[in-house]
Each structure stands twice: as C-alpha cells, then as structure tokens.
Amino acid sequence: MAMTGIFRRKPVEEIEDVDSGGLARTLGLWQLTAIGIGGIIGAGIFSLAGAVANQTAGPAVLISFLVAGVASAAAAFSYAEFAGLIPRAGSAYTYGYAVLGEVVGWFIGWDLLLEYTAIVAVVAIGISGYFNDLLGFLDVKLPLWMSGAPGTEPDGVAGGSYKINLFAVVLCLLIAFILNLGMKNAARFETALVYLKIVVVLVVIVVGAFHISAGNWNPFFPFGLSGAFTGAATVFFAVFGYDAMSTAAEESTESRKHMPRAIIYSLAISMVLYVLACLVLTGMVNYQDINPEAAFSSAFADVGLKWLGLIIAVGAILGILTVLFTFMMGAARIGFSMSRDGLLPPWFAKTHERRRVPSRMTWIIGVASAVLAGLLPIGAAAELTNIGILLAFVVVCVAVIVLRYRRPDLPRTFRTPGMPVVPIIGVVFSIWLITFLKPETWLRFVIWFVIGIVLYFAYGRRRSALADG
C-alpha cells in the first residue's frame, strides 16, 4: 500500500509492470551504450584535460581522471542495479520516488529539469566557440552580431555587445528537432556521431603516441598529490552521462538486461579513452606548455602536425554535440515521467501518435535551452549546473542501500558490489564535490528549489497519481 502524505511511494512491483506510456521500445544494447558514451565524452577530452593538466595537476591529470572515474563508478553501480530492477523512464527521479518517497522524487526531478537544460545550453555555447575557431582556421569570418557570446565586446566596436549566440540557439533547436523524429532515427544519428567521435579520439591517441617524450612526465606530481585530487573534483563533471542515458529505460528493447550493461560499458569505454588521451597529451608536451583551451590542437602543431588541428576541431564539435543529444533526451524523459505521475499537468506527458516520443516536453526543453544559450554567457549558464547531478547521485546511492535492506527479495538482474560500502563512497564523494560549488550556484539552486516546493504543494501533491481520492 502506498504511503500517505508527501513521502508516499508506489510499490516497486507496480512500477516495473507499468505500461510504456506510449514510448517506443527501439534501443538495443549498443545504441544505449553509444548514448551513454555520447553523454560522457565531450569537453572532458578536448578541453578539460588540458586545462587541468596545465593549471592543477600536471601529468597527474591521469590520476585525476582515475579518481573521478572510481567515484563515478560507485554511483554507476547503483544506477545499474536500479536500471535492471525498475525499467521505467525518469532515472534518479523514478528511483527516489519509488524508495524514498514522492517529495524526494519531486525534488530530484524538478532539480534535474533545470540541470539538464542548463547543461544543454552550456554545451551549445561551447560548441559555438569551437565552431568559430574552426571557421577561423578556414579564414571564414561571421558577422559580429552572431559570432560571439552575449555580453562580450566585439573587436573594434566601442561600447558594442553581442545580443545573441545564434549558432548555439540553432544547435539546441536542431537537437530538439532530431529527437522528435522518433527515438529509432534519433538514436541512429547519435550512434553514428559517437562512432565517428571515437575514431577521431583513437587517431589522436595513436598518432600522438609516436611523439611522446617520457621526460615530459617528470615530475609526475608537480602540484603534489593534492593537485591531483583537486583536479578530480574538476574533471568529475566529465565522467557522468550514464545518468541521463538511464532515463531512456522504457525505450530499451530489453531494459532489465541491457540497461545495467550499457551504464557500465559506457563508463568503462570512456575512462579508457580518457586515460590514454591524458597519457598522450602530457607525454607530447610539458604540462607547463599545454594550451588550456585547445590542448591537442596546439600539441600537434608543436610537433609539426598542423593538419591534425582541423580534424581535432571537427572531432571536438562532433564529440560535444552528442552531449546535447543525451541530456536533452534525459530532461524530456524526466518531465514526461513527472507529468505521467501527476506531479505536472498531463499535457506534458502527451506523446506523438506516430513517432511515440514526448514531443511536447522535448520542444519545451529545446526552446528553454536555446534561450539560455542565446542570451547568457557560458559562465552564467554553467553556474546553473552541477549541484543537481551530485544530489541525484546522493539520492540514488542512498536509495539502493535502503531498497536492498527493505526488499532483499526483489529479483535484480544486476547487484551493486561491495554493498553498502560502494554506494557510501558515491555519497561521500558527491557531498565532498558539492562543497566546491560557488555561492552563486547555491543561490540559484535555492531559488529554483523554492519555486519547485511551491508548485508541488499547490499542484503536484493534490494531483499526484498516488493522492487519496
């Protein structure tokens, strides 16, 4: 029986037997894995690795990624257990709702709607920057009003400022359009880009390996061990993405079997590529000489391989583009799930009759991210991210412990190893990373949280599918 009040919860048996709600089950194991890799590998390799190596960790950036990967794996195992047990859209929102209660589920779902949308905006702004760099490489110049971030001064234009980042806006709307073509077609697009991205990364690793000088790895810890751990806090945000992928559980052909594997495979493959890329980068160039903004392009230029600069620029654009796809998909599925559960108006849960995707939520997320990307500088948009992901990790890791001891009898296709130590590691590391967030991030989080609480008590609590009467 469902609990009464704000902590009421639906029995897991009812959740796992739920109808798909109109979503089409079309995703196989490797399509799911590609979506996960698409959400993980992006700016982490093409930008973040160089910045952390140059400013924080030196060659020990390799250790930074390994530490972050271990911490992320602690949460990934928890997600994998839930994904095999509750094959329903919504990810952390659904898991928190089922185990810890409705208000916890609402809190995480409402928070992730903002976080995922902001991530899409930040990534779109970042791709816009790479696109401008690529055009500069080709000696092509765009008009000033559409070639930079809002609020920045155009060169040679006194007192002027960019009004909109048009390319970032177009990207957000383009991804929304692709997602609305149907998950089967959208997944083909995502998978093709992910494979192409992996090929580019492998080319960079293989070619770069012939230009490694072992002397560049000495000293390995120029900033001390603390620098490597500080770097881990920075790069942690490059080693998740499987959380957004898990929102597509109801679109998997064999969710209980494939979803846990896809979560683990996507993180494992991404970590191998991260480690190899870090070894090559810090071996090619002394950490003091690494360009924090265009690390690999500069590294290959320094060894006389400028032709690879164009390939890397294209690879960076494609690599980061897949992140847009994964997180916009995730946000739309969370909104769809909240609406279907009655916490948001049912209008948002309407799916396209033929394509069987939550088209209304997808366009809402697409337009909202386009507005953020077009009107905010990347720093302001980035301040809206991070905290929600970490809180979701805390909720999922706590919930998997609670459910394991509350309902040990439930059939699980995947079991989190090292229970309860591994989930506790995920909780501790996530809380530790939260302490690094800026006060401005907390302020925006509190404002969004208050809006969500008001909406929940004014609408969701009374209209919930579990509400009495």
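Our subject is the structure that appears above.
First, a word on scope: everything that follows refers to the structure included in this document. (Residues numbered from 1 in each chain as written. Predicted model: local features only at pLDDT ≥ 70, side-chain atom pairs only at ≥ 80, totals over all residues. Heavy atoms only, no water.)

### Comments concerning the overall build of the protein
To be explicit about the condition: A run of DSSP states H or I qualifies as a helix once it reaches four residues; a run of E qualifies as a strand once it reaches two. Both are numbered from the N-terminal end. Burial classification: accessible surface area is computed with a 1.4 Å probe over protein chains only, and a residue below 20% of its type maximum counts as buried, one above 50% as exposed, and the rest as partly exposed. A contact between two residues is defined here by any heavy atoms of the two lying within 4.5 Å.
For the protein, the count of helices and strands is 18 helices and 0 strands. Within the span of the protein, comprising 469 residues, buried residues form 59% of the whole. Long-range contacts, defined as pairs at least 24 residues apart, comprise 83% of the intrachain contacts of the protein with a sequence gap of at least 6.

### Some points on the pattern of salt bridges
Selection criterion: Salt bridges, as used here, are contacts in which a Lys or Arg side-chain nitrogen is within 4 Å of a carboxyl oxygen on Asp or Glu.
Per the stated rule, a full pass over the model turns up 7 salt bridges. With its nearest N and O atoms 2.9 Å apart, the salt bridge here joins Glu81 to Arg412. Of this pair, Glu81 sits in helix 4 (residues 61-85) while Arg412 sits in the loop between helix 16 (387-406) and helix 17 (421-434); the two residues are 331 residues apart in sequence, bridging distant segments of the chain. Neither Glu81 nor Arg412 differs from the other in exposure class; each is buried. Each of Glu81, Arg404 and Arg412 takes part in salt bridges that share partners, so that together they form one network.

### Concerning the packing of helix 4 against helix 9 (residues 224-235)
Describing two packed helices takes the angle between their axes plus the distance from one axis to the other. Stated formally: To obtain an axis, a line is fitted to C-alpha atoms, over the contacting stretch when the element is a helix, and the angle between two such axes runs from 0 to 180 degrees between their N-to-C directions. Should an angle fall under 35 degrees it is called roughly parallel, over 145 degrees roughly antiparallel, and 65 to 115 degrees roughly perpendicular, with every other angle called oblique. Left-handed describes a crossing whose near helix is turned anticlockwise from the far helix through less than a right angle; right-handed describes the clockwise counterpart. Three categories are distinguished: nonpolar for Ala, Val, Leu, Ile, Met, Phe, Trp, Tyr, Cys and Pro, charged for Asp, Glu, Lys and Arg, and polar for the others, with Gly belonging to the last.
Helix 9 packs onto helix 4 with a crossing angle of 55° between their chain directions and a minimal axis gap of 8 Å. In terms of their interaxial angle, helix 4 and helix 9 are classed as oblique. Crossing of helix 4 against helix 9: the hand is right-handed. Residues Ile63, Ser64, Phe65, Val67 and Ala68 of helix 4 pack against Gly227, Ala228, Phe229, Gly231, Ala232 and Val235 of helix 9. A per-class count over the contact of helix 4 with helix 9 returns 8 nonpolar, 3 polar and no charged.

### Some points on a nonpolar patch on the surface
Convention followed: Excluding any residue in a salt bridge, patches collect residues exceeding 30% relative accessible area, merging like charges within 9 Å and nonpolar Val, Leu, Ile, Met, Phe, Trp and Tyr side chains within 5 Å. Every accessible area reported is derived by Shrake-Rupley at a probe size of 1.4 Å, with residue values counting cover from the shown protein chains alone.
Together, Leu173, Leu174, Phe177, Leu181, Trp363, Val367, Val371 and Leu375 make up a nonpolar patch on the protein surface, roughly 670 Å² of accessible area in all. Residue assignment for the nonpolar patch shows that the elements contributing at least two residues are helix 7 (166-179) and helix 14 (359-375). Looking at the nonpolar patch element by element, the count peaks at 4 residues for helix 14. Position of Leu173 among the secondary structure elements: in helix 7. You can call Leu173 partly exposed: its relative accessible area is 32%.

### So, the packing of helix 8 (residues 183-209) against helix 11 (residues 255-284)
One way to put it is that helix 8 packs onto helix 11 with a least axis distance of 9 Å and a crossing angle of 35°. Here helix 8 and helix 11 pass one another in a crossing that is left-handed. On helix 11, the residues touching Ile198, Val201, Leu202, Val204, Ile205, Gly208 and Ala209 of helix 8 are Leu273, Leu276, Ala277, Val280 and Met284. Of the residues belonging to the contact of helix 8 with helix 11, the class tally is 11 nonpolar, 1 polar and no charged.

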